[in-house]
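A structural walkthrough
Here's the letter readout for the chains.
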Amino acid sequence: MKKDSPQMQQEQDRKTAEATAAADTAYDALSASPSRTLLGDAWHRLRKNRLAIAAIIWIIIMVIAAISADLWVPQRFGDPITINTQTLTVDRLLPPQLAHPFGTDDLGRDVFARVVYGARFSLAVGLIATAISIVIGLVLGALGGYYGGFTDTLIMRTADVFFAFPYTLFAIALVAILGPGFINVFIAIGVLGWPSIARVFRSSIFSVKSQDYVQAARALGASDVRIMSRHIMPNSVAPIIVYGTMSIGGAILTEAALSFLGMGIQPPTPSWGYMINASTKFMTTAPWLMLWPGFAILTTVLAFVLLGDGLRDALDVKMKD
Amino acid sequence: MATDLLVVEDLKMYFHTRDGVVKAVDGVSYTLNKGETIGVVGESGSGKSVTAMTMMRLIPMPPGKVEGGDVRFNGESLLTLSEDKMRAIRGNRIAMIFQDPMTSLNPVYRVGHQLAEPLMLHKKLSKSDAWNRATELLEMVGIPHPESRVKDYPHQFSGGMRQRVMIAMALACDPDILIADEPTTALDVTIQAQILELMQELQQRTGSAIIMITHDLGVVADMADRILVMYAGKAIEYGTVDEVFYKPSHPYTWGLIDSLPRHDMTEKGELCPIKGQPPSLIQVPNGCSFHPRCPYAKERCRVEVPASRPIEGSHVAACHFAGDPGFTRNEMACAGVNAQ
Amino acid sequence: MLKYIGRRILQMVPVFIGVTVLLFLMTAVVPGDPVKMITGEREISPAVYNQIRAEYGFDKPLIVQYGMYVNRLAHGDLGQSLMRGRPVKDMLLDKFPYTMQLALAAIIIEIIFGIGAGMISAVKRYSFADVLVTLSTSILVSLPVFWLGTLFQMFFGIYLKDWTTDAFYLPMSGAGGPGAPFPHWVYLILPAITLASVSTAYAARIMRSQLLEVMSQDYIRTATAKGLSANAVLWRHAVKNAMIPVITFIGIDFGAMMSGAILTETVFNWPGVGNEIYNAVVRRDWPVVMGGVVIIVVVVMIINLLVDISYAFFDPRIRYGGGEEA
């Protein structure tokens, strides 16, 4: 065959593809996947942390209660949204009692029911908005971390611009522009969260990238994607897990703040932040109204914070590197 | 014998941890006199540093606890001294320098300040006097341009220079004893030599005694008058430097000496390490703690803890067969074959 | 060190530009007729309409509009309030000192209590005090600031008043003024404590972890070996090193504090920029909202820059560069 002929080229390409595939396979055989042992190890340590376990239990309870709310709340406590005009004057502002464990609000609705329904929204915002941030943050952080250079600078400068805005202020401004309503809240909080995640992930990547085992993998001919997925990701994932968990708490607080200012989900759909705002009028006449939604927020966020702390301690050994 | 400067007598210090009792120091004895140097030699984890830290009372006392023995400085027990009195001794009569010069100096204070600190504290010098003395000290340890360097921060010095600063700081108050914990381990070989030379020079000048803690036999060969070899918290051989080097009497010491690469080795010659790993100090082997790795071990070694047997004069070794006629190093030991 | 400062300022420039772009995009994206944003709901003649259109360049490409926007910002023109008709700048600058007072008071509280609690909890690790501090910081961090504010109002403003029959209570609204029952500074107490609460918790946590890390450093061992007392080692050697990241944190936290200020001012009806922004949001007075955002962002950026620069003063490794490696 003549040099540089198309057949020669094809032959070369085929050989290269074969070689890469062989290298990838050989390399796979040599390296056991790190993720399984990492997570298993961490789970053991997490189990010993009682606060974290309590937090997990509480979160599970709330999630189940919120998801299943339709099945048991209205039946026992009445509709949390519509107002029963007939019993309005009789039922309003009742103090906590057997039929209404948290009392009733100024429109006769059972507060416990409203708190449970409020949980739906708060948890949803927490989880979904954080998920949005994580996805955007991971992608951008990965791009910047892996490719470095101009891509990295561009992404990081953009992150810096976001960082220059105080978080809640930015959220308020965004929702003010986009208009109130729950989808906009998701978007606003989700979009604001990516810079922190990106930064954490990127620095993780940088420190992992310079480790010897990555150099070794490259020397063995492993492809970029493989290095990314097999080595860099599992080792960089730990800080993301911790930070993500804490972010859920932050997202819930931000949503509560937005609702408090009247910019989140609109009444009559219950939302904890709004309930606190509405209850200030009745500070003297029905002080309990203010307490329940506040406690709900506090315990929920606290659970995520403690869980995040616990995860950080459990994953610590790996993270320290 | 008068009053020896320092007497360590059967010192035992254990750590009580959640996972068990760590017998970090398990019966160590030696004496030290003015102008003498003792080399405390052993692998990592042998307890050589912990012994010194215990002497200085730098070990946090839960979880650490002195389980026996004593340390006497000029006849006075250091272990029962009040904390106030102990503080007056630290940095003043007994000073210590540590392994890593890069991290042993406070990065936010100028070098002069850190040198002046013990002077102002112990010798009650005024600030300006202390700073002047600091400059002198820098000169003494061979740092060029001491007058301007004294105002510099630690990060502006190289590793070797920083160790010199540490030495200057330790000698500032003219201590009777200088404890040097692996002072050259973190340094380049050429710098190592310089630092050791410096220490010897200063010792000549000031007459302090030195406790040189190291894992490197080469370091002590030149400097030490006596050698204490430690293993798994115990002192397994003790004697003058000549006795220990020319008439080593413990299999571990033989192993240490044999494992040194020799400059007269041929290309084909093999290195001869001691097989196995030092034991965990929580689960020290029964009997002689070295027996699992000892090519000369016998049944007795598995069961009975060897006492310190006298060889000659002050030379002692803790092996059941130490000093027995015919109990010598066997070339076969290198191959890991049981040599007795 | 000048190099460091210069570099920091240089790095700020693209960020600053990016911020102005973002701000501009936010104003440009506000739904509705942009001319109406300027004039409000009033009826205006087509001539005026076109004039405004030309003046603000709404018919021109975005880039040009951006340029005009930056130009206006540079001249301090933040537009006119839709409701009040006054220049936004004047309205907000009036309120600015109140917000600064609040922030300053909160920072002082944060420094004293945050750093203090962090130190106690690090020094007496695992003691009751430590556990207390760790738990309460976790709780504070999970607390919605506005809820804490309303709780304070309820307790100090209403119940305390009741229980002591009007003898002792704290005002829960407004900032006082001529004829008010308390001097101005008393009105600052509750809002400042509320605003400081979350930041103090973070500061305590950071101080604790920093101090613990510093205490395990080799140079602390050296200091003890030199014969220094535990107190001297703590205050002279440990704290000085641990403070550096904490100070940086406090500076950075200033931004978050500005956010929190909006909520706190709203709850306590404290007449600051945050309160104005909130009221403007309710009234849909966008120029005021955006103007407020601009002011706050600019202040936060300046403070961040100052903190960055001050870092050089605190850390000799930056101040005197020229570190050598072994």
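Structural data are supplied above this passage.
Keep in mind it's a predicted model, so treat the numbers as computed, not measured. (Residues numbered from 1 in each chain as written. Chains lettered and ligands numbered in written order. Predicted model: local features only at pLDDT ≥ 70, side-chain atom pairs only at ≥ 80, totals over all residues. Heavy atoms only, no water.)

So, the overall build of chain B
- Check the secondary structure of chain B and you find 11 helices and 12 strands.
- Radius of gyration (C-alpha) of chain B: 21 Å, near the 20 Å computed for a compact globule of 340 residues.
- In terms of principal-axis extent, the alpha carbons of chain B reach across some 65 × 50 × 45 Å.
- In chain B, which comprises 340 residues, the proportion classed as buried is 54%.
- For chain B, the centre of its 34 positive side-chain charges and the centre of its 41 negative side-chain charges are spaced 5 Å apart. (Helix = DSSP H or I, 4+ residues; strand = E, 2+ residues; numbered from the N terminus. Rg over C-alpha atoms; globule rule 2.2 N^0.38 Å. Buried < 20%, exposed > 50% of the residue type's maximum accessible area, 1.4 Å probe, protein only. Lys, Arg positive; Asp, Glu negative; His and termini not counted. Charge placed at Lys NZ, Arg CZ, Asp CG, Glu CD.)

Observations regarding the packing of helix α3 (residues 46-56) of chain C against helix α4 (residues 62-74) of chain C
Residues and elements named next belong to chain C.
- Packing of α3 against α4 leaves a shortest axis separation of 9 Å and a crossing angle of 85°. Between α3 and α4, the interaxial angle falls into the category roughly perpendicular. Taken together, the residues of α4 that come into contact with α3 (itself represented by A54, E55 and Y56) are Q65, M68 and R72.
- A class-by-class count of the residues in the contact of α3 with α4 yields three nonpolar, one polar and two charged. (Axes fitted to C-alpha atoms, helices over the stretch in contact; angles between N-to-C directions. Parallel < 35°, antiparallel > 145°, perpendicular 65-115°, else oblique. Contact = heavy atoms within 4.5 Å. Nonpolar A, V, L, I, M, F, W, Y, C, P; charged D, E, K, R; others polar.)

Focus on helix α4 (residues 127-140) of chain B
Residue and element names in this part refer to chain B.
- With 14 residues, α4 extends 20 Å between its outermost C-alpha atoms, agreeing within 8% with the 20 Å of an ideal straight helix rising 1.5 Å per residue.
- For α4, the complete set of buried residues consists of A130, W131, A134, T135, L137, L138 and M140.
- Taken together, the buried residues of α4 touch α3 (111-122), α5 (146-149), α6 (159-171) and α7 (189-206).
- Directly beyond the C-terminal end of α4, a positive phi value near 85° is found at G142. (Expected span 1.5 Å × (residues − 1).)

Examining the sheet that holds strand β2 (residues 20-32) of chain B
Residues and elements named next belong to chain B.
- A sheet is described by the order of its strands in space; here four strands give the open sequence β2-β1-β4-β5, paired in antiparallel fashion. Both outer strands of the open sheet, β2 and β5 (76-77), are each paired with one neighbouring strand and no more.
- Two strands pair when backbone bridges link them, and strand β1 (residues 6-17) and strand β4 (residues 64-73) are joined in this way by eight bridges, in the antiparallel orientation. Across the sheet, E9 pairs through a bridge with D70, a residue of β4.
- Each of β1, β2 and β4 touches helix α1 (residues 48-55); the most contacted strand, β1, lies at about 105° to it. (Pairing = 2+ DSSP bridges.)

Describing the interface of chain B and chain C
- Across the boundary between the two partners, chain B contributes 33 residues, which contact 26 residues of chain C.
- Sorting the residues of chain B by area buried against chain C places V108(B), E117(B) and H155(B) first, and these three jointly supply 22% of that buried surface.
- The interface formed by chain B and chain C holds two salt bridges in total.
- Between E117(B) and K226(C) there is a salt bridge; the shortest N-O distance is 3.1 Å. (Buried area = accessible area lost by both parts, 1.4 Å probe. Salt bridge = Lys/Arg side-chain N within 4 Å of Asp/Glu carboxyl O.)

Some details on the sheet that holds strand β8 (residues 209-214) of chain B
All names here are of chain B.
- With mixed pairing, the eight strands of this open sheet are ordered in space as β6-β7-β8-β3-β9-β10-β12-β11. Strands with a single pairing partner mark the edges of an open sheet, and in this sheet they are β6 (94-97) and β11 (309-312). Across this sheet, the average inter-strand angle for adjacent strands is 20°, counted without regard to direction.
- Relative to strand β7 (residues 177-181), β6 runs parallel, the two sharing four bridges. Residue pairing across strands places I97 opposite A180, the latter belonging to β7.
- Strands β6 and β7 of the sheet are contacted by α6, whose axis makes an angle of about 170° with β6.
- In the packing of α7 onto the sheet, the strands contacted are β3 (37-41), β7 and β8, and the crossing angle to β8 comes to about 160°.

Topic: the packing of aromatic side chains
All names here are of chain B.
- Scanning all chains against the criterion turns up 19 aromatic pairs over all chains.
- Between F321 and F327, the ring centres sit 5.6 Å apart and the planes meet at 55°, which makes this aromatic pair tilted. Across this residue pair, the class does not change: F321 and F327 are buried.
- Across the ring face of F157, the terminal group of R149 is positioned such that the distance to the ring centre comes to 4.1 Å. (Phe/Tyr/Trp six-rings, centres within 6.5 Å; stacked < 30°, edge-to-face > 60°. Lys NZ or Arg CZ within 6 Å of the ring centre and 35° of its normal.)

Observations concerning the nonpolar core
- Ranked by size, the top nonpolar core spans 163 residues in total, and within it F165(A), V19(C) and F146(C) carry the most contacts.
- Among the elements that take part in this core, helix α10 (residues 230-268) of chain C stands out by supplying 17 residues, more than any other.
- Judged by nonpolar contacts, the second largest core, of 106 residues, contains L6(B), L137(B), A209(B) and I227(B). (Core = buried A, V, L, I, M, F, W, Y, C linked by side-chain atoms within 4.5 Å.)

Quick word on the interface of chain C and chain A
- Across the contact, 43 residues belong to chain C and 40 residues belong to chain A.
- Roughly 3,500 Å² is buried in total at the junction of chain C and chain A, and carbon and sulfur atoms are behind 83% of that figure.
- Sorting the residues of chain C by area buried against chain A places S142(C), F146(C) and W147(C) first, and these three jointly supply 18% of that buried surface.
- For D309(A), the salt bridge goes to R205(C), with nearest N and O atoms at 2.9 Å.
- The interface formed by chain C and chain A includes four residue pairs in polar contact (both at pLDDT 80 or more).
- Where the side of chain C that touches chain A is concerned, the elements lending two or more residues are α1 (2-29), α6 (128-142), α7 (145-163), α10, α11 (273-283) and α12 (286-314) of chain C.
- Here the element with the most residues in the side of chain C that touches chain A is α1(C); it accounts for nine residues.
- Across the side of chain C that touches chain A, the residue classes tally to 32 nonpolar, nine polar and two charged. (Polar contact = N/O pair within 3.5 Å; in protein donor to acceptor, adjacent residues only side chain to side chain.)

Focus: unusual backbone geometry
- Residues other than glycine seldom take positive phi values, yet N74(B) does so here, at roughly 50°.
- Within the secondary structure layout, N74(B) lies in the loop between β4 and β5.
- Positioned with a positive phi, N269(C) is a non-glycine residue whose angle comes to about 55°.
- By secondary structure assignment, the location of N269(C) is in the loop between α10 and α11.
- A residue is classified by how much of its surface remains accessible, and N269(C), at 43% relative accessible area, is partly exposed.

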